[in-house]
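Here is how the chains run, residue by residue.
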Amino acid sequence: MAITISVLDQSPIYPGDTAEEALARTVQLAQKSEQLGFRRFWVSEHHDSEQLAGSSPEVLISYLLARTEKIRIGSGGIMLQHYSPYKVAENFNVLASLAPGRVDLGVGRAPGGLPRSTQALQRGAADPASLTDKIVELDQYVHHRLPAEHPLFGLKASPSPEAPPELYVLGASVGSAEIAAELGLPYVFSLFINGDESIALEAIRSYRERFDRKRGTEPQVIIALAVAVADTEEEAESLVGPQKLVKIHLASGKTLTLGTREQAEEFGRQSNEAYTIEEHEPLITKGTKATVRAKFEALHQASGVDEFVVTSNIAPFEKRLRSFELLSEALSSTVAEV
């Protein structure tokens, strides 16, 4: 079976660069991804960050749709806990009407920023609905399936595109996989955030076993992972550099992944909770074309997943572009050999 590649870009701001330059690189990478024949290109949502420029996926998606021709463009993902499902549905219905059949709506569970940005995003909001309830309502609005017992029955999220945006649940735990399964929605496991392949495989197994087919849909799983490909193993290692996967554990029971220890410390301070921080080596698929090809083949065999969303914050940007070119060549070889 062929392996399909998609791309997630976080619009990283390199030291000494501006947000304008970071977003211009996102546009260039989307166009390169289309040229290489990748299936989709997703952008992320991060707030109150000096390292990442993508704070408004829906705005960036609209620009990327206008600057590309065929590749699917979407969110990886919208942090739905902050927003009205109705407004998100409207935003993405507009996008899907502008570019029929090309829009993906990935929904994430993380806050996408520090506690103060969460407070700012939710300022004045009084909706007590759980995230699962919000995903259900978003799906109902996108597909015009608001049930008769809903207090707003009859309301539609306009416009009504012929091809609605495709909805995906993003997560990095067995729990998130089970939510996607119970809702009968496609699921994306973020291995570059969790970093534990055994949990990824457990989540995928649980998702498939629990998947609700009442909607007439079948399980669909994508794995998201970080990748760095170079002409030599040594160069790939140098491109990755010293990195850490930083997790903060709050006394309330929540666990979140942050970009740096400094961000984790600030998150803990703003949360006003007791917390602990742990650091791990990040799981990055890196090496030559042959090494990376072997890793993708092994993960495909272990999981049964044939689509991967890859992300990379390699600097300089030219090396990041080259890494995606080499990845395309590596997996083209895989397809030819299958």
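## Examining the overall build of the protein chain
Next up, step 1: The helix and strand inventory of the protein chain stands at 12 helices and 12 strands.
Next up, step 2: Against the globule reference of 20 Å for 338 residues, the protein chain gives a C-alpha radius of gyration of 19 Å, in line with a compact fold.
Next up, step 3: If you line up the protein chain on its principal axes, its C-alpha atoms span 60 × 50 × 40 Å.
Next up, step 4: When burial is assessed residue by residue, the protein chain has 50% of its 338 residues classed as buried.
Next up, step 5: Summarising the internal contacts of the protein chain: among those between residues at least 6 apart in sequence, 72% fall at separations of at least 24.
Next up, step 6: Of the roughly 15500 Å² of accessible surface on the protein chain, 51% is carried by carbon and sulfur atoms.
Next up, step 7: Computing the positive centroid from 33 side-chain charges and the negative centroid from 46, the protein chain places the two 3 Å apart.

## Quick word on the packing of aromatic side chains
Next up, step 1: By the definition in use, this model includes seven aromatic pairs.
Next up, step 2: Among the aromatic residues, those joined into a ring-pair cluster are Tyr-187, Phe-189, Tyr-207 and Phe-211.

## Observations concerning the confidence of the model for the protein chain
Next up, step 1: Put simply, the protein chain has an average pLDDT of 91, and 96% of its residues get 70 or more.
Next up, step 2: Counted against residues more than four places away or in other chains, residues 334-338, with its pLDDT under 50, gives seven contacts.

## Looking at the pattern of salt bridges
Next up, step 1: Following the criterion strictly, the structure yields 23 salt bridges and no others.
Next up, step 2: Residues Arg-25 and Asp-17 are paired through a salt bridge, measuring 2.9 Å at the closest nitrogen-oxygen approach.
Next up, step 3: In this structure, Arg-40 and Asp-104 form a salt bridge, with 2.9 Å as the shortest nitrogen-oxygen distance. Of this pair, Arg-40 sits in strand S2 (residues 40-43) while Asp-104 sits in strand S4 (residues 103-108), placing them 64 residues apart in sequence. Both residues of the pair, Arg-40 and Asp-104, count as buried.
Next up, step 4: What emerges from the salt-bridge pattern is a single network uniting Lys-32, Asp-231, Lys-289, Arg-322, Glu-325 and Glu-329.

## Regarding the environment of Ile-78
Next up, step 1: If you trace the backbone, Ile-78 turns up in strand S3 (residues 72-79).
Next up, step 2: Sequence-wise, Ile-78 and Leu-170 are 92 residues apart; in three dimensions their C-alpha atoms are separated by 9.4 Å.
Next up, step 3: Every residue in contact with Ile-78, bar those within four places of it in the chain, is listed here: Glu-45, Pro-57, Glu-58, Tyr-83, Val-88, Phe-92, Leu-105, Gly-106, Val-107 and Gly-108.

## Remarks on the sheet that holds strand S8 (residues 245-250)
Next up, step 1: A sheet is described by the order of its strands in space; here three strands give the open sequence S9-S8-S10, paired in antiparallel fashion. Where the open sheet ends on each side, the last strands, each with one partner, are strand S9 (255-258) and strand S10 (275-280). Recorded for the sheet is a direction-independent mean angle of 25° between the axes of neighbouring strands.
Next up, step 2: Looking at chain direction, S8 and S10 are connected through six bridges and run antiparallel. Bridging across to S10, Val-246 finds its partner in Glu-279.

## Concerning helix H6 (residues 174-183)
Next up, step 1: Taking burial as the measure, the 10 residues of H6 include eight buried ones, the bulk of the element.
Next up, step 2: All buried positions along H6 are accounted for by Val-174, Ser-176, Ala-177, Glu-178, Ile-179, Ala-180, Ala-181 and Leu-183.
Next up, step 3: Buried residues along H6 sit against helix H5 (131-142), strand S5 (166-171), strand S6 (187-190) and helix H8 (197-210).
Next up, step 4: Looking one or two residues beyond H6, the residue adopting positive phi is Gly-184, at roughly 70°.

## Quick notes on the packing of H6 against H8
Next up, step 1: Here H6 crosses H8 at 20°, and the two axes come no closer than 8 Å. Between H6 and H8, the crossing angle belongs to the class labelled roughly parallel. Between H6 and H8 lies a crossing whose hand is right-handed. In this structure, H6 contributes Val-174, Ala-177, Glu-178, Ala-180, Ala-181 and Glu-182 to the contact, and H8 contributes Ile-199, Glu-202, Ala-203, Ser-206, Tyr-207 and Arg-210.
Next up, step 2: Partitioned by chemical class, the residues of the contact of H6 with H8 number seven nonpolar, one polar and four charged.

What counts as what
- Residues numbered from 1 in each chain as written.
- Predicted model: local features only at pLDDT ≥ 70, side-chain atom pairs only at ≥ 80, totals over all residues.
- Heavy atoms only, no water.
- Helix = DSSP H or I, 4+ residues; strand = E, 2+ residues; numbered from the N terminus.
- Rg over C-alpha atoms; globule rule 2.2 N^0.38 Å.
- Buried < 20%, exposed > 50% of the residue type's maximum accessible area, 1.4 Å probe, protein only.
- Contact = heavy atoms within 4.5 Å.
- Areas by Shrake-Rupley, 256 points an atom, 1.4 Å probe, with all protein chains shown as cover.
- Lys, Arg positive; Asp, Glu negative; His and termini not counted.
- Charge placed at Lys NZ, Arg CZ, Asp CG, Glu CD.
- Phe/Tyr/Trp six-rings, centres within 6.5 Å; stacked < 30°, edge-to-face > 60°.
- pLDDT = per-residue confidence, 0-100.
- Salt bridge = Lys/Arg side-chain N within 4 Å of Asp/Glu carboxyl O.
- Pairing = 2+ DSSP bridges.
- Axes fitted to C-alpha atoms, helices over the stretch in contact; angles between N-to-C directions.
- Parallel < 35°, antiparallel > 145°, perpendicular 65-115°, else oblique.
- Left-handed = near helix turned anticlockwise from the far one by under 90°.
- Nonpolar A, V, L, I, M, F, W, Y, C, P; charged D, E, K, R; others polar.

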